[in-house]
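Here are the chains, one letter per residue:
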Amino acid sequence: MQLAPRLPAHGAEIPAIGLGTSGIGDVRAEHVAAALEAGYRHIDTARKYGTERAVGEGMRASGVPRAEIFLCTKVSHENLHAAEFARSVEQSLKALGVDYVDLLLVHWPEKNTPLAETMGALAKAKRQGLTRHIGVANFNIAMLDDAIRLCPEPLVTLQAECHPYLDQSKVIAACRARGLVLTAYCPLGRGRLRGDAVLAEIAKRKGKTFAQVALRWLMQHGIIAAIPRSSNPERIAQNLDVFDFALDDDEMRRIGALRRADGRIADPFGRAPTWDV
Ligand SMILES: NC(=O)c1ccc[n+]([C@@H]2O[C@H](COP(=O)([O-])OP(=O)(O)OC[C@H]3O[C@@H](n4cnc5c(N)ncnc54)[C@H](OP(=O)(O)O)[C@@H]3O)[C@@H](O)[C@H]2O)c1
């Protein structure tokens, strides 16, 4: 059975491929169990997704020991004041049926809540043993630096949208410079990469699929963990099978050149920060 390599960041060891679980009703316990049985050791959920219960059930059904699984959940932007934050973490652990997660993230920044209060609540969850590691999602680089400065515990990851259609070179460089793993969400462009001519041509030459080529391109940056979502057992297994081939410099460059101005998918009006492009 294949396992993804683990990426180090400030004491964390983050498996480079994880299972995304957003899309309520789509990803069920059986898919989580299938992923773990196929060799996944990293599962991404969030209070907001409504999939924590299914993730917990899938983990237990898989028989994979809890200690081997890197489990991430997130606190939504409505719950970033200290008291609500603590309540949200408690609800997550209850829904998951675990007594700790491996990674707890602030899901989106929220400009009306003082960042210092949120970072204090995040660090407190770690110090209470409710999470092993902490990080943020959807922060721009300036906000990430504020978060690092204000947080009494080290952050290990920035979770951000990242795939070949979106230019995230500044964010990748920022994570590298700060010793963070970039956790790439929508790594398959939420399906939009399907049918891309460049990915298809490289995939055909390598005997791989467009999805495997896109994930491999992320892996070769060396500091990126990707969390593709699938509710199809074959595609779940396929998305982990990206460690037996390599893209050469020209292929990396051609895939990097697919970036486009309208490449961003997750851009909620009113909540998104000014992105680094
Ligand atoms: N922090 C945040 O704000 C944030 C935002 C968005 C997402 N996320 C996280 O990131 C995860 C991934 O992002 P996402 O779910 O939006 O998009 P994604 O993983 O880029 O794409 C998912 C889509 O790709 C399809 N797919 C998966 N593997 C495939 C393969 N090998 N070949 C062909 N199609 C394939 C899936 O369909 P099938 O199910 O039919 O395979 C699904 O429609 C989420 O589930 C969530 O955990 C976080």
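The model shown is predicted, which means the values in this text are computed figures rather than measured ones.

A. Spotlight on the overall build of the chain. A tally of helices and strands in the chain yields 10 helices and 10 strands. Over its C-alpha trace the chain gives a radius of gyration of 18 Å, about what one expects of a compact globule, namely 19 Å for 277 residues. Based on the C-alpha atoms only, the size of the chain along its principal axes is roughly 55 × 40 × 30 Å. Counting over 277 residues, the chain shows a buried share of 48%. For the chain, contacts bridging at least 24 residues in sequence account for 74% of all contacts bridging at least 6.

B. Structural detail: the packing of helix H2 (residues 52-62) against helix H3 (residues 82-96). Where H2 meets H3, the closest approach of the two axes is 7 Å, and the angle between their N-to-C directions is 40°. Classified by the angle between their axes, H2 and H3 sit oblique to one another. Facing H2, whose interface residues are Glu52, Arg53, Val55 and Gly56, H3 presents Ser92, Ala95 and Leu96. Its residues placed into classes, the contact of H2 with H3 shows three nonpolar, two polar and two charged.

C. Representation of the packing of helix H1 (residues 29-38) against H2 within the structure. At a closest axis distance of 7 Å, the pairing of H1 and H2 adopts a crossing angle of 45°. As the angle between them shows, H1 and H2 are arranged oblique. The two elements H1 and H2 meet at a crossing, and its hand is right-handed. Only Ala54, Val55, Glu57, Gly58, Met59, Ala61 and Ser62 of H2 make contact with H1, whose side of the interface consists of Ala29, Glu30, His31, Val32, Ala33, Leu36 and Glu37. Looking at side-chain class alone, the contact of H1 with H2 contains eight nonpolar, three polar and three charged residues.

D. Structural detail: the site of the ligand. Around the ligand, a shell composed of 28 residues is seen, among which Gly20, Tyr185, Ala211, Arg229 and Ser230 lie nearest. Sort the elements by how many residues they give to the shell around the ligand and helix H9 (residues 233-240) lands first, with three residues. Of the residues that constitute the shell around the ligand, the class distribution is nine nonpolar, 14 polar and five charged.

E. How the structure looks around the nonpolar core. Formed by 86 residues in total, the largest nonpolar core has its most connected members in Val32, Val136, Val181, Leu182, Ala184, Ala214 and Ala225. Excluding residues within four positions of it along the chain, valine 136 makes contact with Leu105, Val106, Leu144, Ala147, Leu155 and Leu158.

F. Seen up close, the pairing of strand E9 (residues 181-185). Counting buried positions along E9 yields five of five residues, so the element is predominantly enclosed. Bridge count between strand E8 (residues 155-161) and E9: five bridges; the pairing is parallel. Looking across to E9, one finds that glutamate 161 is bridged to tyrosine 185. In this fold, the crossover linking E8 to E9 by way of helix H6 (residues 169-177) has right-handed handedness. Relative to strand E10 (residues 224-226), E9 runs parallel, the two being bridged by three bridges. Along E10, the bridge assignment pairs leucine 182 with isoleucine 224.

G. Expanded view of the sheet that holds E8. Reading across the sheet, the eight strands line up as E3-E4-E5-E6-E7-E8-E9-E10 and stay open at both edges, with parallel pairing between neighbours. In this open sheet, the two strands that pair with only one neighbour each are strand E3 (19-20) and E10. Sheet topology places E3 next to strand E4 (residues 42-44); two bridges connect them, and they run parallel. Its bridge partner lying in E4, glycine 20 is registered against aspartate 44. Together, E8 and E9 form the strand contacts of H6, whose direction differs from that of E9 by roughly 145°.

Reading guide: rules and limits
- Residues numbered from 1 in each chain as written.
- Predicted model: local features only at pLDDT ≥ 70, side-chain atom pairs only at ≥ 80, totals over all residues.
- Helix = DSSP H or I, 4+ residues; strand = E, 2+ residues; numbered from the N terminus.
- Rg over C-alpha atoms; globule rule 2.2 N^0.38 Å.
- Buried ≥ 20, exposed ≤ 12 C-beta atoms within 10 Å, placed from the backbone.
- Contact = placed C-beta atoms within 7 Å.
- Axes fitted to C-alpha atoms, helices over the stretch in contact; angles between N-to-C directions.
- Parallel < 35°, antiparallel > 145°, perpendicular 65-115°, else oblique.
- Nonpolar A, V, L, I, M, F, W, Y, C, P; charged D, E, K, R; others polar.
- Left-handed = near helix turned anticlockwise from the far one by under 90°.
- Near = placed C-beta within 6 Å.
- Core = buried A, V, L, I, M, F, W, Y, C linked by C-beta atoms within 7 Å.
- Pairing = 2+ DSSP bridges.
- Right-handed = clockwise from strand over helix to strand, strands pointing away.

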